[in-house]
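Tertiary structure, described
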Number of protein chains: 2
Amino acid sequence: MHKYEKIRMELTRRINSQTWPVGTSIPHEDELAAEFGVARGTIRQALSSLVEAGFLEKKRRAGTRVAYPKDHASTLRIALVRDQIEQGGHAYAYQLLDDKVRDGVRHVLCLHARDRRPYQLEDRRISLDGIPSAKQADFATISPNEWLLQQQPYSRVETELSAATPNTHDVKYLDLKPDEPVFLVTRETYLDAIWLTRARLSHPASVYSIRMDSAFQ
Amino acid sequence: MHKYEKIRMELTRRINSQTWPVGTSIPHEDELAAEFGVARGTIRQALSSLVEAGFLEKKRRAGTRVAYPKDHASTLRIALVRDQIEQGGHAYAYQLLDDKVRDGVRHVLCLHARDRRPYQLEDRRISLDGIPSAKQADFATISPNEWLLQQQPYSRVETELSAATPNTHDVKYLDLKPDEPVFLVTRETYLDAIWLTRARLSHPASVYSIRMDSAFQ
DNA sequence: TCATTAAATATGTATAGACATAATTAGATT
DNA sequence: AATCTAATTATGTCTATACATATTTAATGA
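Residues numbered from 1 in each chain as written. Chains lettered and ligands numbered in written order. Predicted model: local features only at pLDDT ≥ 70, side-chain atom pairs only at ≥ 80, totals over all residues. Heavy atoms only, no water.

Some thoughts on the overall build of chain A
Scanning chain A from N- to C-terminus turns up six helices and 10 strands. Against the globule reference of 17 Å for 217 residues, chain A gives a C-alpha radius of gyration of 24 Å, more extended than a compact globule. The C-alpha extent of chain A, read off along each of the three principal axes, is 65 × 40 × 30 Å. Long-range pairs, those at least 24 residues apart, make up 53% of the contacts in chain A between residues at least 6 apart in sequence. Entry remark: accessible area of chain A is about 11,300 Å², with carbon and sulfur atoms responsible for 46%. The positive charge centre, built from 31 side chains, and the negative charge centre, built from 29, are 4 Å apart in chain A. (Helix = DSSP H or I, 4+ residues; strand = E, 2+ residues; numbered from the N terminus. Rg over C-alpha atoms; globule rule 2.2 N^0.38 Å. Contact = heavy atoms within 4.5 Å. Areas by Shrake-Rupley, 256 points an atom, 1.4 Å probe, with all protein chains shown as cover. Lys, Arg positive; Asp, Glu negative; His and termini not counted. Charge placed at Lys NZ, Arg CZ, Asp CG, Glu CD.)

And the structure:
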């Protein structure tokens, strides 16, 4: 175990045991460095992850304080749907439902299944200006989702998570129970100012949720 | 603008312009340090945020490669519901609906409103073993959510996001439209191995969604 | 040929020092 | 007393160097 990890654990312990209650200023980096017998850089490395996780707040000149745990940050990774399914030990299947071009936008509808049951309906729009190679792409075997990831970098992603009543496509393809809502992930990606693609990913509420686990040993 | 910021921007440019296409190895840290005329530590600082955002992948001895953009990470911060509402310039109101103790668990039901309309129904369970001071807390004026944040640190948070059909309490208090689903945030916090509290936060789907915006200039 | 072992190497950790910068505090001026 | 100014200070950035460590690559031996 590295020095900064040991120090981080000890600092975490002091926070959790309320040795340093919420709101108090903790010793300066130089003092901590002296206490633990390490260089200031090592202290800074130990502090940085605690700041990132929202347990500490730093301000120049004012020092470092134990943060009120509101606004706690969690890192969310939405993986490729195929990986999501296969990593859970399930069978993945893909099916193209519709594919057309209009106004310089390729519009694709396809279905991702888990163990032969509908899992995600992908309603995808791709800018042919932004991604010219999308004109020739064959989405019969590879999903737009997966194809896009191999193609093009992007600089900005906007993601929205919501609950919704199913639209007509959802009803038709997702095999929903009576009154079952859908969980929506809407994602739009840009390269600088250029719009590249938009995805509406709908899932039966009974089979899909997003879990986050932000922990500190 | 600092050196590492300039360098990060230039590296970002090379990735986005496909000067360094996805999958390629970028120059070693020492080479980049020589190219930009800075110390290796400065290069590492520039790289770290790109690694964190998922644009680069590092591996010892193997070097640094441009990552396939699957599994792109976003940092999600779920703020205090009152802040959420007030920061949007809306009026916040709080109302206690029910409050009882059973089997060492305090069980509170309360409603958070935005502009006099139901926004979040908070179904809260607090362990009186884990948080003894919760016995005396008065939730008539302050919500458990807010009270807890001022009280107790925690070391682990499990969050689950899902869509669901409303339960009887949701129907009674959330003023839902016909067939409107709810967006659920379920949150459980622990201090080491000790269970502290569990919250079921339900929202009318029409008024609530979670947005994330992961950008790089 | 194949498995094992040893060398090479790029990133990871740590140190010690210098200077920059934002924010506070104390002091000077009106 | 109120306002502006200067000193102070804790964090932020940067350098230069040394060694540690995970992985790959090359060399060795059965």
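Some remarks on the domain arrangement of chain A
In terms of domains, chain A is made up of domain 1 (3-66) and domain 2 (81-204). The distance between the C-alpha centroids of domain 1 of chain A and domain 2 of chain A comes to 43 Å. (Domains from an automatic or database assignment.)

Quick look at the packing of helix H1 (residues 3-16) of chain B against helix H3 (residues 40-52) of chain B
All names here are of chain B. Viewed as axis vectors pointing N to C, H1 and H3 meet at an angle of 55 degrees, and their least axial separation amounts to 8 Å. By the angle between their directions, the pair H1 and H3 is classed as oblique. The hand of the H1/H3 crossing is right-handed. Residues Lys3, Tyr4, Ile7, Arg8, Leu11 and Thr12 of H1 form the contact with H3, whose own contacting residues are Thr42, Ile43, Gln45, Ala46, Leu47, Ser49 and Leu50. Residues of the contact of H1 with H3, tallied by class, amount to seven nonpolar, four polar and two charged. (Axes fitted to C-alpha atoms, helices over the stretch in contact; angles between N-to-C directions. Parallel < 35°, antiparallel > 145°, perpendicular 65-115°, else oblique. Left-handed = near helix turned anticlockwise from the far one by under 90°. Nonpolar A, V, L, I, M, F, W, Y, C, P; charged D, E, K, R; others polar.)

Quick notes on the protein's contact with DNA strand D
Around DNA strand D, the structure places 22 residues, and the nearest of them are A:Arg40, A:Arg60, A:Arg61, B:Lys3 and B:Thr42. Backbone atoms, meaning sugar and phosphate, make up 71% of the atoms of DNA strand D lying within 4 Å of the protein. Sorting the residues of the surface near DNA strand D by element identifies helix H3 (40-52), strand E1 (56-59) and strand E2 (63-66) of chain A together with H1 and H3 of chain B as the ones contributing at least two each. If you tally residues by element for the surface near DNA strand D, the top one is H3(B), at three residues. (Near = heavy atom within 4 Å.)

A look at the packing of aromatic side chains
Going through the model one piece at a time under the given rule, you end up with seven aromatic pairs over all chains. Ring geometry for A:Phe139 against A:Trp147: centres 5.7 Å apart, planes inclined by 85 degrees, an arrangement best described as edge-to-face. Residue class for A:Phe139 comes out buried when judged on its relative accessible area of 0%. Note on A:Phe183 and B:Phe183: the rings are 5.8 Å apart at their centroids and 35 degrees apart in plane angle, and the pair reads as tilted. Pair noted here: A:Phe183 is in strand E8 (residues 182-191) and B:Phe183 is in strand E8 (residues 182-191), and the two residues belong to different chains. For B:Phe183, a relative accessible area of 0% translates into the label buried. Linked through ring pairs, A:Tyr119, A:Phe183, A:Tyr208, B:Tyr119, B:Phe183 and B:Tyr208 together constitute an aromatic cluster. When the ring centre of A:Tyr190 is taken as origin, the NZ or CZ atom of A:Arg156, which lies over that ring, is 4.3 Å away. (Phe/Tyr/Trp six-rings, centres within 6.5 Å; stacked < 30°, edge-to-face > 60°. Buried < 20%, exposed > 50% of the residue type's maximum accessible area, 1.4 Å probe, protein only. Lys NZ or Arg CZ within 6 Å of the ring centre and 35° of its normal.)

Comments concerning the relation of the copies chain B and chain A
Each of the two chain copies goes to the other by way of a rotation about an axis and a shift along it. Overlaying chain B with chain A gives an RMSD of 0.1 Å, the required rotation being 180 degrees about an axis along which the chain moves by 0.0 Å. Both chain copies can therefore be described as sitting about a two-fold axis. No C-alpha of chain B approaches the rotation axis more nearly than that of B:Thr75, which lies at 2.1 Å. The share of interface residues of chain B whose copies in chain A are also at the interface is 98%, consistent with both copies meeting through the same surface. (Least-squares fit on C-alpha atoms with pLDDT ≥ 70 in both.)

Some words on the protein's contact with DNA strand C
Taken together, 21 residues are adjacent to DNA strand C, and A:Lys3, A:Thr42, B:Arg40, B:Arg44 and B:Arg60 come closest. The protein-proximal atoms of DNA strand C, defined as those within 4 Å of the protein, are 73% sugar or phosphate. At a separation of 2.5 Å, a phosphate oxygen of DNA strand C approaches a polar backbone atom of A:Lys3. Interatomic distance of 3.4 Å between a side-chain N/O atom of A:Lys59 and a phosphate oxygen of DNA strand C. Mapped by element, the contributors of at least two residues to the surface near DNA strand C are helix H1 (3-16) and H3 of chain A together with H3, strand E1 (56-59) and strand E2 (63-66) of chain B. The greatest single-element share of the surface near DNA strand C, amounting to three residues, is contributed by H3(A). When its residues are assigned to classes, the surface near DNA strand C shows three nonpolar, six polar and 12 charged. (Polar contact = N/O pair within 3.5 Å; in protein donor to acceptor, adjacent residues only side chain to side chain.)

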